[in-house]
2 protein chains.
Amino acid sequence: MTVSDYLFDFLVSQGIKHVFLITGGAIAFALDALHGRKDIEYICVAHEQVAAMAAEAYSRVGPGLGCAIATSGPGATNLITGICCAWFDSIPALYITGQVNTYEQRGADPGTKGSRQIGFQETDVVSIVKPVTKWAVQLDKPENIRLVLEKAVFLAKSGRPGPVLFDLPQNFQRVKIDPKKLPRFIPPKKKLYADYGTSLSGKINQTLKLLTSAQRPVLVFGTGVKLAAAASQAKILIKKIGIPVILTWGAYDLLEKTHPLLVGSAGVYGNRGANFAIQNSDLILSIGSRLDTRFTGGKPSHFGRAAKKIVVDIDKDELSKRRGLIPDIEINCDAAVFIGKLLKKIQHYKKQKIDNWLEKCADWKIRYPAVLPQYYQEKKFVNGYVFIKTLSEELDSKSIIISDDGGHLTWTMQAFEVKKGQKLFSAFGNSPMGYSFPASIGASFALGKKEVICIDGDGSIQMNIQDFQTVVHHKLPLKIFVLNNDGYAILQQFQETWLGGRFVAASFNQGLSNPDLIKVAKAYGLKTVLIRNHQELRRKIRKVLKAKGPVFCEVKINPKQRLIPKLEFGNPLEDLSPHLSREEFKANMIIPPLAESLEVSPSV
Amino acid sequence: MTVSDYLFDFLVSQGIKHVFLITGGAIAFALDALHGRKDIEYICVAHEQVAAMAAEAYSRVGPGLGCAIATSGPGATNLITGICCAWFDSIPALYITGQVNTYEQRGADPGTKGSRQIGFQETDVVSIVKPVTKWAVQLDKPENIRLVLEKAVFLAKSGRPGPVLFDLPQNFQRVKIDPKKLPRFIPPKKKLYADYGTSLSGKINQTLKLLTSAQRPVLVFGTGVKLAAAASQAKILIKKIGIPVILTWGAYDLLEKTHPLLVGSAGVYGNRGANFAIQNSDLILSIGSRLDTRFTGGKPSHFGRAAKKIVVDIDKDELSKRRGLIPDIEINCDAAVFIGKLLKKIQHYKKQKIDNWLEKCADWKIRYPAVLPQYYQEKKFVNGYVFIKTLSEELDSKSIIISDDGGHLTWTMQAFEVKKGQKLFSAFGNSPMGYSFPASIGASFALGKKEVICIDGDGSIQMNIQDFQTVVHHKLPLKIFVLNNDGYAILQQFQETWLGGRFVAASFNQGLSNPDLIKVAKAYGLKTVLIRNHQELRRKIRKVLKAKGPVFCEVKINPKQRLIPKLEFGNPLEDLSPHLSREEFKANMIIPPLAESLEVSPSV
């Protein structure tokens, strides 16, 4: 058995049924061990960026760990943007890179450390990716293959998860080893609760005490709840304590839209209702969210300013950041452990009478829908919000939906009405153009070549369009909806606000252009559908969803369509733009509004 | 005047007429300063990788410095593979990335350093690219804009050149500055000759002494000669000393193929004649080459083993590496300075009678052409060598030719017959799939939208195929020749040698596939031409070259076509495979062949 045979045995043991890759000189020996294997399939992509993003989404969908493999040098560096997606969204993923022979590397011979390159396509990928991985390591000797792989996967999955990179020199790839004699990795005793000072039990008591006395409490769930596989426990918790729930984008699919306690998702592009709920609350229990400024607004000191805040985060560095948002109780703990222990003590929880508050939140949810009636009156194009709402109405409970970035991501996260069982995500933290399509490839394989709904933009789809070939080659039943608005809507909106509407590099009369995407999709052999207006919208969405195999569907969006509502920088979270009339705004505020909000001239 | 206005004034002052970019939130303020400017054009590309590679090629073609601009996070990380091209081939280039506001960055507030991300799309690109840049720096305060830009460009261009990255926080982009009050960079006195011990003059005397006494001297020119703008001096030197010349791939276009003293290019995929010349020489004067193992062969101790070696390199780290190849005289000096000073002393150079040696070298050049007569007999497909030779016959002296990597790069570097005035290059050190096409875009802009000949492969062209749109948008007269052999020929050859011909992930029955490239090119709006066989080869090449505007030309290459000759690992440089008969081989050796070469059973 060679090191490479061991490598793939190990991957299989991790539930990895597919690896995404491009071959090359420095990895060809390793990949040869794939020859004839039936227990793992390799997927040849056309750009390593696709391999990296597909692997990351493979992990998100589970149950196996995502894995991408590339050769040294450019193969390795092409992975980095995908690695960043896994890093910022805490997704465990394993990146394997071939490397030149150890004796050909910089530093192997005296005097060679200062050279830029000794071996062909030698690149120090380990140093390069260190800032965006939990661990990046080159195998130091063949016998350590088990130790290093076990440690890498342990680190990727434990604590706050994230990507790891394993760099495998060519000359080690063919070394014979005795799998029984390999040193193994002894994982440290898992420290699920790492809090300092007060014990977890004490903090849970404090949490319960605050929950019982709060008049206007809200629960905030973040990605950490999903990462800790605590979704069902979270639902039990909601049922037991019966308080309004707000979701971050990372946890958007945790609850169905119709759940009576769900207000919505809050943030800079949040639902007005969810933002009002957060801002008027007197207690926020946040579990598994890093409380990023896209969620809190640009001035974290304004976030839930009337509320006590209990923040549960597995990453103590996220708890200890001080940006105006100071938790009253910090709990450095895994979301599943915290919720589990909280549930055990919940019998002592005496439910407050908070009916008014529940009614208020329910009213906000209804009063401020994302999709306004007038959006349906668009004649020449499809309205982005109407598209997302219609699509979500047509999708069944098993759908996986992956959205990209910018305008169409925002429309999705504002208007998509999640059904029980659906999964919906994007690479929220890194937010690259061109994620959703490769991610859809990865997710489809993770599910055994099942259907995935890919929501993309005209700028984004171009980023990795070459891998239409991978979709066609494997007949993956992706439904790729490209919301084409002839440019970067989110940037244009930013330019309208801050830069006098000068659309430098963001619109068609300012240097940008698109190909005829339908023609390109056809050239790759994809079925295509074009949706031009509302009249044909539902019929054609159904046509796409009914079709077997992959379909590319272009949806013509009004280039002037903007992201509504949006928090302009400097405003507190409750005061989204377009501003409500000050009467309406004040009527929604239980706590005193900030003086500047009252001065704002409404923009609706 | 804002920092951003200053930035673009500065770029213009560096001869930069075009910048390659994609906009995004963290760079939009800076790019707004481009609005209405007539002295610099921004080129919107569809993937930042294209911007990075186009900028690098813009520098190669000159006279301006290449510059690519991207937003923070994924925009920045998408540049990296292109940055590596500049790093490994010593190309000065300026990479500018937007960054989140300084007050939103990790570390700006207490306790935030350990977070993975604070600002939206915040990524520590400076740390990530440090290993592959001469300098990567974030602007620390607006007033330092001049100082930092001047230093960055100085470092990019001085000594051994390379890429620099300048990270510009959003909040600095709109700060007003007084350009007259900015601190400036005072360059250190240029140290053109950094040698230790003996003075340059002494070493030049030693060089001349060795040159006058050598019986079989050769001159080796590397990229450094081009980078030091010493090409014309090098030609004077050749004329004065009249000894055979060998070129590395990086300096392949330094001399026309018909130059009487040029033997060819040596190396692992070298011309047999050039390799014989190197290996039989008694003196090698190498100027501006790092003597990489692709040039010396895998065992550097076998390289020119009968020769004294004088090695001139601007990078002392390249001189001091010890891998079996020990220079007799090391000269740490800029190529232009060295050649200039050598020329001044050349009157003392008493030319040896080396007519036999010159004849031998000239004979080798004729006896071992890259393109063998039998290649023309290919019926069903086009032979890669025949294509390159025919193309080079049809190109005029002003052509710029950029080749990609792998098989078609090798065929180019073995068979292309350079004419005076032509430029031919690739990203040799990094050698990514997908370089030549973006590089052709950059080179075309550098030349004022002139024609560029792009030689690409079927695997490579897919990597950045989205930017067909950029070519069509700007009507760039690129002639894109894709040598389509249904897979990765160079990998297959490797797999035949080492892996029993198992073409895992490298051939069409092993997981790989291509789209119909002609269809895809057409979908983007490119004119297309298909060349299927030798009969139509010359006629259709002429058709492509005569057409106005961009043309995509697919050339059907036999998938079984291999790279010939090639040095198999372990063999000395003179003994390329397929091996010559031992009689013929011995007849070519003036110095004693190695015992192992005599034992090799010939494979022809």
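Residues numbered from 1 in each chain as written. Chains lettered and ligands numbered in written order. Predicted model: local features only at pLDDT ≥ 70, side-chain atom pairs only at ≥ 80, totals over all residues.

Chain A is annotated in an unreviewed UniProt entry as Acetolactate synthase. The record held by UniProt for chain A lists under Sequence similarities (unreviewed entry) the comment "Belongs to the TPP enzyme family." (UniProt positions renumbered as here; feature names shortened; annotations may be inferred.)

> I'm lost on the overall build of chain A in this one. Help?
Scanning chain A for helices and strands turns up 26 helices and 18 strands. The C-alpha atoms of chain A give a radius of gyration of 25 Å, which matches the 25 Å a tight globule of 604 residues would have. Taken over the C-alpha atoms alone, chain A extends approximately 75 × 60 × 45 Å along its principal axes. Taken over 604 residues, chain A has a buried fraction of 60%. Put simply, 74% of the contacts in chain A that link residues at least 6 apart link residues at least 24 apart. (Helix = DSSP H or I, 4+ residues; strand = E, 2+ residues; numbered from the N terminus. Rg over C-alpha atoms; globule rule 2.2 N^0.38 Å. Buried ≥ 20, exposed ≤ 12 C-beta atoms within 10 Å, placed from the backbone. Contact = placed C-beta atoms within 7 Å.)

> So what exactly am I meant to see when it comes to the nonpolar core here?
The tendency in soluble globular proteins is for nonpolar side chains to be buried side by side. If you look at the biggest cluster of nonpolar residues, it comprises 405 residues, and the most contacted ones within it are Ala51, Ala54 and Ala68 of chain A together with Ala51, Ala54 and Ala68 of chain B. When near neighbours in sequence (up to four residues on either side) are disregarded, Ala54 of chain A contacts Phe20, Val45, Ala68, Pro438, Ala439, Ile441 and Gly442 of chain A. (Core = buried A, V, L, I, M, F, W, Y, C linked by C-beta atoms within 7 Å.)

> Looking at this structure, how should I read the sheet that holds strand S6 (residues 163-169) of chain A?
All names here are of chain A. Read from one edge of the open sheet, six strands run S2-S1-S3-S4-S6-S5, paired in parallel fashion. A single partner strand is all that each edge strand has here, and the edge strands are strand S2 (41-44) and strand S5 (135-138). In this sheet, adjacent strand axes meet at a mean angle of 20° when their direction is disregarded. Across the sheet, helix H3 (residues 48-61) touches strand S1 (18-21), strand S3 (66-70) and strand S4 (93-99), and the angle it forms with S3 is around 165°. Set on the sheet, helix H5 (residues 80-88) makes contact with S3, S4 and S6; between it and S6 the angle comes to about 140°. (Pairing = 2+ DSSP bridges. Axes fitted to C-alpha atoms, helices over the stretch in contact; angles between N-to-C directions.)

> Please explain the UniProt feature "domain: Thiamine pyrophosphate enzyme central" (unreviewed entry) in chain A as it appears in this structure.
Under the local residue numbering, the UniProt record ascribes the feature "domain: Thiamine pyrophosphate enzyme central" (unreviewed entry) to residues 204-341 of chain A. The span residues 204-341 of chain A is 36% helix and 20% strand, and its two end C-alpha atoms sit 8 Å from each other.

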